[in-house]
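# Observations on chain architecture
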Amino acid sequence: MKKVLSILLSVAMIVLCFAACGKTDSDTNTTGKAANVKVGFIFLHDENSTYDKNFINAAEEACKKAGVEILKKTNISETQACYDAAAELVDEGCNIIFADSFGHESYIIQAAKKFPDVQFLHATGTKAHTEGLSNYHNAFASIYEGRYLAGVAAGMKLNEMISSGKITADKAKMGYVGAYTYAEVISGYTSFYLGAKSVCPSVTMEVTFTGSWYDETAEKEAAQKLINNGCVLISQHADSMGAPTACEAAGVPNVSYNGSTVSACPNTFIVSSRIDWAPYLEYAIDCVKNGKAIDTDWTGTLSTGSVVLTDVNTQAAAEGTQAKIDEVKAELESGKLHVFDTSTFTVTVSDSKNKNATVDADGYLTGYMADVNSDADNAGDTEVVSDGYFHESDKRSAPYFDVQIDGITLLDTQF
């Protein structure tokens with residue numbers, strides 16, 4: 001009898017021990033939910049960069065809405081400093097860490113492998129779907145749709161300039177300041193051009209690159225070079241006020257990126273497209289809170305509120321611009337219209353460009369092997385043309401449209 005009582009007492013003590021151990025875990029429970037969520041952010045620059053300011057605003061909005069703590073590290077370069085910042089955020093108790101720049105990716109993957117209990121999120125990256133890490137995730141949005149809509153606004157302005165006699169149709173040349181010759185930038189300037197072309201068929205465009213995401217002097221000089229070349233409207237995929245201020249000084253209409261510049265450029269700013277990152281951040285925080293898996297590759301859209309445009313500046317924009325944007329946006333959301341409809345542009349295939357393209361006798365794209373599974377050789381590995389259009393951000397969230405289409409001239413390609 002004493003032996004039985006002794007066994008029962010031992011079992012009871014073990015049960016109580018397990019129960020006590022469960023109660024002392026303040027971070028997670030048996031369902032994998034996180035009781036305390038702290039989110040760390042790694043930003044390439046600070047609020048002076050329109051790109052990073054857009055992320056910072058979204059981070060603060062999402063964390064405030066979710067009621068979670070936020071830690072921010074700014075001016076973190078695309079070097080080992082990124083990994084060090086991630087490790088510091090882990091030490092400070094963050095269980096979600098987000099990095100905002102393309103070049104951060106290899107260092108965030110390194111951190112994800114080192115700290116498997118922390119969820120790592122990376123904007124604009126390309127490797128989550130091939131790395132196979134349960135705690136590493138990429139995210140982007142269909143910003144090419146936003147840039148297309150901004151291009152429609154640009155085309156409306158060109159038409160106004162033609163109608164008023166300020167330019168002739170053959171002088172409807174736009175300029176575009178790009179940072180690098182990455183697919184993300186190519187996708188952006190091409191969708192912008194196609195939006196303009198949809199309402200102003202005679203438009204052409206010149207593109208120049210700075211070799212930096214943020215260099216106000218270089219961006220201003222690039223915009224001025226384009227203006228000197230006869231470009232009558234400028235847009236950009238670069239993060240400073242360089243191009244917009246050059247346009248304001250020269251009286252040249254400007255379509256900016258990542259936020260309104262109307263306060264500094266009231267006479268030339270037309271509209272801006274941007275990604276609103278708050279919906280994604282809210283989604284990811286909710287997943288961690290409730291023990292749900294985060295998508296390996298997440299793509300925000302117009303419908304999720306992830307792709308947005310600023311208010312149209314009626315002082316600079318053509319009459320009827322907002323109504324036209326609303327009309328085209330509805331067609332994009334319904335699926336009636338596709339940005340990269342292959343019937344709307346032609347492609348020249350040569351030894352130096354578009355090697356992954358297949359075209360018909362008239363130069364229209366019939367197939368394209370995109371570099372979806374990124375490798376050092378940038379080899380095409382996935383067919384992305386079907387149903388009459390190029391399926392951007394369908395095979396992974398980050399853009400892979402790197403087709404050089406007719407009508408766009410690259411002034412330099414060294415970056």
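We now turn to the structure provided with this report. (Residues numbered from 1 in each chain as written. Predicted model: local features only at pLDDT ≥ 70, side-chain atom pairs only at ≥ 80, totals over all residues. Heavy atoms only, no water.)

## Remarks on the overall build of the protein chain
Just so we agree on the cut-off: Starting at the N terminus, helices and strands are each numbered in turn, a helix being any DSSP run of H or I of at least four residues and a strand any DSSP run of E of at least two. The rule is simple: take the accessible area with a 1.4 Å probe, protein chains only, and divide by the maximum for that residue type; under 20% is buried, over 50% is exposed, in between is partly exposed. Here a residue-residue contact requires only that any non-hydrogen atoms of the pair lie within 4.5 Å.
Scanning the protein chain from N- to C-terminus turns up 11 helices and 18 strands. With the C-alpha coordinates aligned to their principal axes, the bounding extent of the protein chain is approximately 105 × 50 × 40 Å. Classification of the 415 residues of the protein chain by burial places 52% in the buried group. In the protein chain, the share of contacts with a sequence separation of at least 24, taken over all contacts with a separation of at least 6, comes to 63%.

## Focus: the pairing of strand β7 (residues 204-209)
Looking down a regular strand, the side chains alternate between one sheet face and the other. Put simply, the rule is: Each pair of strands is called paired provided DSSP finds at least two bridges between the two strands. Crossovers are marked right-handed if the path from the first strand over the helix to the second runs clockwise, as seen with the strands pointing away from the viewer.
Within β7, 5 of the 6 residues are buried, leaving the element largely enclosed by the surrounding structure. In this structure, strand β6 (residues 173-178) lies alongside β7, joined through 6 bridges in parallel fashion. In the sheet register, G178 faces β7, and the bridge partner there is F209. Taken together, β6, helix α7 (residues 183-197) and β7 form a β-α-β motif whose crossover is right-handed. Here β7 runs beside strand β18 (residues 408-410); their pairing, made up of 3 bridges, is parallel. Paired with M205 across the two strands is I408, which belongs to β18.

## What to know about the packing of aromatic side chains
The geometry of an aromatic ring pair comes down to the distance between the two centres and the angle between the two planes. We count it as follows: Note on aromatic pairs: the rings of Phe, Tyr and Trp (six-membered ring only in Trp) are paired at centre separations within 6.5 Å, and the planes decide the class, stacked below 30 degrees, edge-to-face beyond 60, tilted for the rest.
Under the counting rule described, the total for this entry stands at 25 aromatic pairs. Relative to W298, the ring of Y280 lies with its centre 4.9 Å away and its plane at 45°, an arrangement referred to as tilted. Taken together, the positions of Y280 in helix α10 (residues 278-289) and W298 in strand β11 (residues 297-300) put the pair 18 residues apart, joining distant regions of the chain. A residue is classified by how much of its surface remains accessible, and Y280, at 1% relative accessible area, is buried.

## Side note on the sheet that holds strand β12 (residues 307-309)
Put simply, the rule is: All axes are obtained by fitting lines to C-alpha atoms, using only the stretch in contact for helices, and the reported angles, taken between N-to-C directions, cover 0 to 180 degrees.
On the basis of which strands lie adjacent, the open sheet formed by 7 strands has the order β12-β10-β9-β8-β6-β7-β18 and mixed pairing. Looking at which strands have only one partner, the edges of the open sheet turn out to be β12 and β18. Averaged over all pairs of adjacent strands, the angle between their axes in this sheet comes to 20°, without regard to strand direction. Examined bridge by bridge, strand β9 (residues 254-257) and strand β10 (residues 269-275) share 3 bridges and lie parallel to one another. The residue bridging N254 from the neighbouring strand is F269, located in β10. Set on the sheet, helix α6 (residues 143-163) makes contact with β6, β8 (233-237), β9, β10 and β12; between it and β10 the angle comes to about 170°. In the packing of helix α9 (residues 242-250) onto the sheet, the strands contacted are β6, β8 and β9, and the crossing angle to β8 comes to about 170°.

## Focus: the packing of helix α8 (residues 216-228) against α9
Applied cut-off: For classification, angles of less than 35 degrees are called roughly parallel, those exceeding 145 degrees roughly antiparallel, those between 65 and 115 degrees roughly perpendicular, and all remaining angles oblique. The sense of a crossing depends on the near helix, which, turned anticlockwise from the far helix by less than a right angle, makes the crossing left-handed and, turned clockwise, makes it right-handed. Side-chain classes are defined by residue name, with Ala, Val, Leu, Ile, Met, Phe, Trp, Tyr, Cys and Pro counting as nonpolar, Asp, Glu, Lys and Arg as charged, and the others, Gly among them, as polar.
Two numbers describe how α8 lies on α9: the axes approach to 7 Å, and their chain directions differ by 45°. With respect to their mutual orientation, α8 and α9 come out oblique. Here α8 and α9 pass one another in a crossing that is right-handed. Residues E216, E219, K220, A223 and I227 of α8 lie in contact with α9, whose contacting residues are G242, A243, T245, A246, C247 and A250. Of the residues contributing to the contact of α8 with α9, the split by class is 6 nonpolar, 2 polar and 3 charged.

## Details of the pattern of salt bridges
Worth spelling out the cut-off: Any Lys or Arg side-chain nitrogen located within 4 Å of an Asp or Glu carboxyl oxygen qualifies as a salt bridge.
A complete count under the given rule lists 12 salt bridges for this structure. We note a salt bridge from E69 to K38, for which the minimum N-O separation is 3.8 Å. Here E69, found in strand β2 (residues 69-73), pairs with K38, found in strand β1 (residues 38-42); they are 31 residues apart in sequence, far enough to count as distant. We note a salt bridge from K173 to E206, for which the minimum N-O separation is 3.2 Å. Taken together, the residues span a long stretch of sequence, with K173 in strand β6 and E206 in strand β7 at a distance of 33 residues. Assessed through its relative accessible area of 13%, E206 is described here as buried. One salt-bridge network, held together by shared partners, links K73, E88 and E92.

## Comments concerning the packing of helix α3 (residues 80-91) against helix α4 (residues 105-114)
Interaxial distance between α3 and α4 falls to 8 Å at its minimum, and their mutual angle equals 35°. With respect to the hand of their crossing, α3 and α4 are arranged in right-handed fashion. On α4, the residues that touch Q80, C82, Y83 and A86 of α3 are Y107, I108, Q110, A111 and K114. Looking at the contact of α3 with α4 residue by residue, the classes come out as 6 nonpolar, 2 polar and 1 charged.

## Some details on the side chain of N254
Basically, it comes down to this: Pairs of N or O atoms are called polar contacts if they sit within 3.5 Å, as long as, within protein, a hydrogen donor faces a hydrogen acceptor (for residues adjacent in sequence, only side-chain-to-side-chain pairs).
With respect to the helices, strands and loops of the structure, N254 is situated in strand β9. In this structure N254 comes out as buried when scored by relative accessible area, which is 1%. A polar side-chain atom of N254 sits 3.0 Å from the main-chain carbonyl oxygen of I234. Within the structure, the side chain of N254 is placed 3.2 Å from the side chain of Q236, a separation counted as a polar contact. Discounting chain neighbours no more than four positions away, the residues touching N254 are I234, S235, Q236, P244, C247, T261, T268, F269, I270 and V271.

## Some thoughts on the side chain of E184
Stated precisely, the cut-off is as follows: In this tally, Lys and Arg are treated as positive and Asp and Glu as negative; His is ignored, and so are the chain termini.
For E184, the location among the structural elements is in helix α7. Although E184 is buried, it makes no salt bridge; R147 carries the closest opposite charge, 6.4 Å away. In this structure E184 touches T124, F140, W213, H237 and P399, once residues within four positions along its chain are discounted.

## A few points about α8
We apply this condition: The span one expects for a helix is its residue count, reduced by one, times 1.5 Å. Directions from the helix axis toward the C-beta atoms define the arc.
For α8, with 13 residues, the first-to-last C-alpha span of 18 Å sits near the 18 Å given by 1.5 Å per residue. Within α8, the full set of buried residues consists of E219, A222, A223, L226 and I227. Each buried residue of α8 lies within a common arc of 140° when the element is viewed along its axis, so the set occupies one face. Facing away from the buried side of α8 by more than 90 degrees, the exposed set consists of T217, E221 and N228.

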